[in-house]
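Here is what each chain is made of, one letter per residue.
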Amino acid sequence: MRTGVTLVAVIETTRDDAERKQVTVLFADVSGSMDLAEGQDPEEWRKIMQRFFSILAEAVTKFEGTVDKFTGDGIMAVFGAPVAHEDHAQRACYAALQMLDDVADYAAELRRGPGLNFSTRIGINSGEVVAGAIGRGSDSEYTAIGHTVGLAQRMEALAEPGKAFVTEHTAELAAGFLDLDDLGEFEIKGASRPVRVFELAGVGQVRSRLDLARNRGFSRFVGRRDEMAELQRALARAADGDGRAVGIVAEPGVGKSRLCHEFSEHCRREGYEVFEAQAQAHGTSSPYLPVLQMLRSFFAIGDADPDQQVREKIAGRALLLDPELVGELPLLFEFLGVPDPDRSLPQLSAEARRRALTDLVCGIVNAPKRSRTLVLVVEDLHWIDPGSESMMATLLATIATTRTLLVVNYRPEYEPEWLDAPVYSSLPLAPLERTDTGELLRHLAGTDPSLDGLDEPIHERTQGNPFFIEELVRELAECGHLEGERGAYRLIRPIDDHGVPVTVQAVLAARIDRLTPEAKQLLQVASVVGKEVGAEALGLTAGLEQDQIDAVLRELVGAGFLYEVELYPRRILAFRHPLTREVAYGTQLAASRAATHAAAARAMIELEPDRHDELAALIAGHMEAGEELREAARWSARAAFWAGHRRPADALRLWQDVTRLAEQLEEDEERSALALSSRLQQLDFSWRLGMDPAEADALAAEAKEIADRSGDLRSLALLKLMTSARPGVSRRASEWIAASREAIALADEAGDVDLRIAIRAVGVYAQMCAGDLDAVDTVLDEIFELAGDDIEAGANIVITCPYSWALMARSIVLKERDRLEEADAVAGKALHIAATFGDPETESWARGNRATMMAERGMIEAGLSQAQRNYELTERLGDVFSRAVALTGLGLAQTMAGEHTAAIESLDLAEATYREAMNAGGEQEAWRGTIKVWALLGLGRDEEALAQAERMTAIAREREMYWQLPSALLALAQARRATCSDGVEEVLDEATQLCNRLGHLQTLRKIEAERGVATATS
Ligand SMILES: Nc1ncnc2c1ncn2[C@@H]1O[C@H](COP(=O)(O)OP(=O)(O)OP(=O)(O)O)[C@@H](O)[C@H]1O
Ligand SMILES: [Mg+2]
């Protein structure tokens, strides 16, 4: 390793082009090299080592790995970086086998010669590394760094001489393709848990992913009816002597091989001869691999057949087809690796040989004596070597009048040169439809009810790619999200947080790496910006001009990474595949990703000046990911304000973000302001949504400390209100009112008119609950005097539109004073202002109030439908307080309409909803409960009604809720009468006295009516 590089220099030169990558790392060394070196002349030794190194390096290069460094007595190699290979684990293993073979040969030579005993040990591991340049200036080198590297080195140390050991991580990727002997688990230094280790034993049976799938047991073949029909039509034409070629095109894993397999099986069942061949990912350097494969299967050559038998098979079949081929037999023998020792081959140039071979293959396929239809399947043309490719092209040009069907498949990045050939048609394969995904999932995972609802997210994540679906299910099972066995799983943990399976990641990373560097970089930037990105924002974030962007986007769209969701007025692109986005995102270093996040935020700010409010949460998210915490806090606060009382749950969450972010900022005025206001705001939402009391207490204490320090009266006033004078405080009305007075006094001292109005509007609710109509009137008068006719006065501080709320309070007072018509008019005005102001919260309260008034005035049906509608609208707010109020109003309207069972349901739901969130019944508890008494009485459940009425009266009395107590007493009297209990008169008297004292004329009227009934029946 390089020494003398200072840390500073390293940091300086760690350029942004480093990436996180999934790779396989291989270490190989000479075992016991030090002992060997001792007895050896250094010059000789150097020669031996050099030879040894070149054997290792050649094996690495052959499988397109990178020699990362020479370690003194060996090498470190990386497969899958700088350019990703989806089969990086296989490649490393193949290279290891090659090394073991070649080193063994060389060792034998050395044993014979200098008499040296010499062998190699290899260690292999797969996983994530950070790969990129490290070092100083022009000395910097590309290297891979990470735990994955260390573990590979440990494998090498563990390996016995002449063996290659691989970890479970490599085994997972290479299983089937390679034979691996399980050696059990080992404790490895530096690894937190034991690692399962395998010895690499040789090449496995599996040639392709489809073989692997076959070994595991194919999943049920779904969909693909149209494609099968098209292939069958081509087959019918070929059988008629109208030779055809069909090219199936699709991205990795979409099912090209599976479709070919199903079609081949179909052909065989129909009695056709089918021959299959396949280009190999690591085979571009071995010429004619697929052609050889095809010919070997055509001549039925087995692996173990002796050479002579092979020659007989070839000659037999070839001559049967066309006696003219006799002259070509030596060439064919040689090509298939069984040269005839008796007949030597004339020397040919490579080009002449290629041409002769091509003629030969075409001659065999198009032999005049051939009467049977031939189906040739060649897979994975994207990996084909140039020799085979040109042979295919020639073949295609000659099959028009033969009984040949050629089926090929390839990925979209490949474009065959014969696209326009008349015999050729391409068959693009789309991903699975939703219903097919569902069917496949049911086959893979089963039908347990816990899996319901999984179709959609899995289809969304995999976009109907069957390979991704299979891998995802396998991985979910391995990671314990699914329990049971294949085809019969149960979901035991939600899947939303699950990452991309390594197998899928390998495929996607390899695709991304095939892009041009510009396109790849832009894709990475896009992955940071979002699932959907505007072209302009993308350009700005990436720091590119639009014309530069356009060319690169064309490449990304052309290669199927992005698609255009919208062209006008703005060009918006989206990721075709969510998993691609995750992989593109995951490959970037944290530091450069952060910078891109911040740039994305700034681009949004610049490009969308009219949508800052709407985008604030998104901008804040990017700012935070970009480590610009101050900006993140500011934008979160803005987003929280914007969500406001329309989306209280979002607002609360955003204020929590502001508190958390402010915590991380440097101490200054802005930080204090954010820290304080975010806490006050959270408290403001706590009475609407509920909050753990300990949490609320902590927030209040922290806010108090900050406010005291700054002596900020405004905040102290708000804090007083939020802690002691807001709805939901568990106090007696008198204490509540006292706190409300203190808050008002503080606001008056602070002097801000808006604040004075805002705090009065909320504070007056205490007096209202206490039933003190005069006091309410006084505060309302103050509000209207301060506000004048400005309906915006005091807005958005505690409630959105205090003006409309004050009007509503006034209408309630008027109603209690039994001035119903005036009350209704004011209530209508309150509702109108709340609605036009855009304050859905106050609008909900006002509409509920209006509904009750309608019912009170005898318009029961209209009141009921208004209350129903109000409840439905309020539901959308997601605010517990308002929801409970709306349900209570609905319950009242329902009882008045005689729908007592429905009323009880509404009231119980209101009670449960409120209590669950707030851990208490709140100030409306006795009112809700009193309405329920009426509903119970309506159903004849008199005993229950009586018990309930006793309880509600006690609660209202205990908490001094004199707005409710007269009604509760009235209900108690009714319940006593219904159950023929004593004390009817007594409670009616108490209620009358209260109503007289407080001026509750409307309730008084009801009490008098009840007294009339009571007297008449006694
Ligand atoms: N229609 C289908 N129904 C059920 N399973 C399918 C279907 N198509 C493909 N599969 C399964 O999905 C996996 C991937 O399919 P396949 O190997 O055919 O993809 P491919 O397009 O050939 O990918 P590559 O380009 O990587 O070769 C296989 O396990 C296969 O059995
Ligand atoms: Mg395939």
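Preceding this section is the structure that the text describes.
Attention here is on the structure that accompanies the text. Worth saying up front: this structure is predicted, and the values here are computed from it rather than measured.

Some details on the pattern of salt bridges
Overall, the coordinates contain 87 salt bridges when judged by the stated rule. For E128, the salt bridge goes to R20, with nearest N and O atoms at 3.1 Å. Placement of the pair is E128 in strand β4 (residues 120-134) and R20 in strand β1 (residues 19-30), with a sequence separation of 108 residues. Among the residues examined, E128 registers a relative accessible area of 35% and is labelled partly exposed. The partly exposed category is assigned to R20, whose relative accessible area is 27%.

Quick look at the sheet that holds strand β12 (residues 404-410)
Think of a sheet as strands paired side by side through backbone hydrogen bonds, with each pair either parallel or antiparallel. Within the open sheet, the five strands sit side by side as β10-β11-β12-β9-β13. Their pairing is parallel. A strand with exactly one partner marks an edge of an open sheet, and here the two such strands are β10 (273-278) and β13 (424-428). Going from strand to strand, the sheet's axes swing by 15° on average, the running direction of each strand aside. As defined by bridge partners, strand β9 (residues 244-249) adjoins β12 across six bridges and the pair is classed as parallel. Along β12, the bridge assignment pairs V249 with Y410. In the packing of helix α9 (residues 256-269) onto the sheet, the strands contacted are β9, β10, β11 (374-379) and β12, and the crossing angle to β12 comes to about 160°.

Describing the site of ligand 1
Around ligand 1 there are 23 residues in total, and R209, G253, K256, R411 and E470 lie nearest to it. Contact distances for ligand 1 include 2.9 Å between an oxygen atom and a backbone N or O atom of G255. R258 is positioned such that a nitrogen or oxygen atom in its backbone is 2.7 Å from an oxygen atom of ligand 1. For the shell around ligand 1, the secondary-structure elements that each account for two or more residues are α7 (209-216), α9 and α17 (466-478).

Side note on empty space enclosed by the protein
On inspection of all chains with the given rule, the structure shows five cavities of 30 Å³ or more. By volume, the largest cavity amounts to about 620 Å³. In terms of lining, the largest cavity is formed by 35 residues, of which the most central are I812, V885, Q924, W927 and W963. Secondary-structure elements contributing two or more residues to the lining of the largest cavity are α31 (753-769), α33 (802-816), α35 (840-856), α37 (880-896), α39 (925-938) and α43 (1001-1017). Counting residues per element, the lining of the largest cavity draws most heavily on α37, at seven residues. Its residues placed into classes, the lining of the largest cavity shows 18 nonpolar, 13 polar and four charged. In this structure, the second largest cavity spans a volume of roughly 190 Å³. Lining the second largest cavity are 18 residues; nearest its centre among them are V291, M294, V361, L376 and L395. Here the lining of the second largest cavity gets five residues from one element, more than from any other, and that element is helix α10 (residues 289-298).

Things to note about the packing of aromatic side chains
Under the definition given, this model contains 19 aromatic pairs. The structure contains a cluster of three or more aromatic residues connected by ring pairs, namely W687, W736, Y765, W805, W845 and F881. When the ring centre of F218 is taken as reference, the NZ or CZ atom of R258 above it lies at 4.2 Å.

Things to note about the sheet that holds strand β18 (residues 572-575)
Read across the open sheet, the three strands follow the order β16-β18-β17; overall the sheet is antiparallel. Looking at the sheet topology across the chains shown, the edges are occupied by β16 (532-534) and β17 (562-566). Averaged over all pairs of adjacent strands, the angle between strand axes in this sheet comes to 35°, irrespective of strand direction. Note that β17 and β18 share four bridges and pair antiparallel. The partner of E566 across the bridge, within β18, is I572.

Comments concerning the packing of helix α26 (residues 648-663) against helix α27 (residues 669-689)
Between α26 and α27, whose axes approach to 8 Å, the crossing angle comes to 150°. Overall, the two elements α26 and α27 adopt an arrangement that is roughly antiparallel. Our pair here, α26 against α27, has a crossing hand that is left-handed. On α27, the residues that touch P648, A649, A651, L652, W655, Q656, V658, T659, A662 and E663 of α26 are R671, L674, A675, S677, S678, R679, Q681, Q682, F685 and L689. When its residues are assigned to classes, the contact of α26 with α27 shows eleven nonpolar, six polar and three charged.

Some remarks on the pairing of β12
Burial analysis of β12 places seven of its seven residues in the buried class, the great majority of the element. Here β12 shows no split at all, with T404, L406, V408 and Y410 on one side and L405, V407 and N409 on the other all buried. Inspection of the sheet shows β11 paired to β12 by five bridges, in the parallel sense. Among the inter-strand pairings, V377 is bridged to a residue of β12, identified as V407. Each parallel crossover has a hand, and for β11 linked through helix α14 (residues 386-398) to β12 it is right-handed.

Some remarks on the environment of H261
By the secondary structure assignment, H261 is in helix α9. By relative accessible area, H261 is classed as buried at 14%. With 134 residues separating them in the primary sequence, H261 and G127 have C-alpha atoms 32 Å apart.

Remarks on the state of the cysteines
In total, this model carries zero disulfides according to the counting rule given. Between C769, a free cysteine, and C995, which holds the nearest cysteine sulfur, the sulfur-to-sulfur gap is 16 Å.

Describing the nonpolar core
Among the nonpolar cores identified, the biggest contains 141 residues, and L718, L721, W736, I759, V798 and W805 are the most heavily contacted of them. No other element matches the eleven residues that α31 contributes to this core. Listed in part, the 53 residues of the second largest apolar core include V291, A318, V361 and V423.

Rules and cut-offs
- Residues numbered from 1 in each chain as written.
- Chains lettered and ligands numbered in written order.
- Predicted model: local features only at pLDDT ≥ 70, side-chain atom pairs only at ≥ 80, totals over all residues.
- Heavy atoms only, no water.
- Salt bridge = Lys/Arg side-chain N within 4 Å of Asp/Glu carboxyl O.
- Helix = DSSP H or I, 4+ residues; strand = E, 2+ residues; numbered from the N terminus.
- Buried < 20%, exposed > 50% of the residue type's maximum accessible area, 1.4 Å probe, protein only.
- Pairing = 2+ DSSP bridges.
- Axes fitted to C-alpha atoms, helices over the stretch in contact; angles between N-to-C directions.
- Contact = heavy atoms within 4.5 Å.
- Near = heavy atom within 4 Å.
- Polar contact = N/O pair within 3.5 Å; in protein donor to acceptor, adjacent residues only side chain to side chain.
- 1 Å grid on protein atoms, 1.4 Å probe; cavity = no way out; pocket = protein on both sides within 12 Å on 5 of 7 lines; lining within 4 Å.
- Points joined across faces, edges and corners; volume = space filled by probe spheres on them.
- Nonpolar A, V, L, I, M, F, W, Y, C, P; charged D, E, K, R; others polar.
- Phe/Tyr/Trp six-rings, centres within 6.5 Å; stacked < 30°, edge-to-face > 60°.
- Lys NZ or Arg CZ within 6 Å of the ring centre and 35° of its normal.
- Parallel < 35°, antiparallel > 145°, perpendicular 65-115°, else oblique.
- Left-handed = near helix turned anticlockwise from the far one by under 90°.
- Right-handed = clockwise from strand over helix to strand, strands pointing away.
- Disulfide = S-S within 2.5 Å.
- Core = buried A, V, L, I, M, F, W, Y, C linked by side-chain atoms within 4.5 Å.

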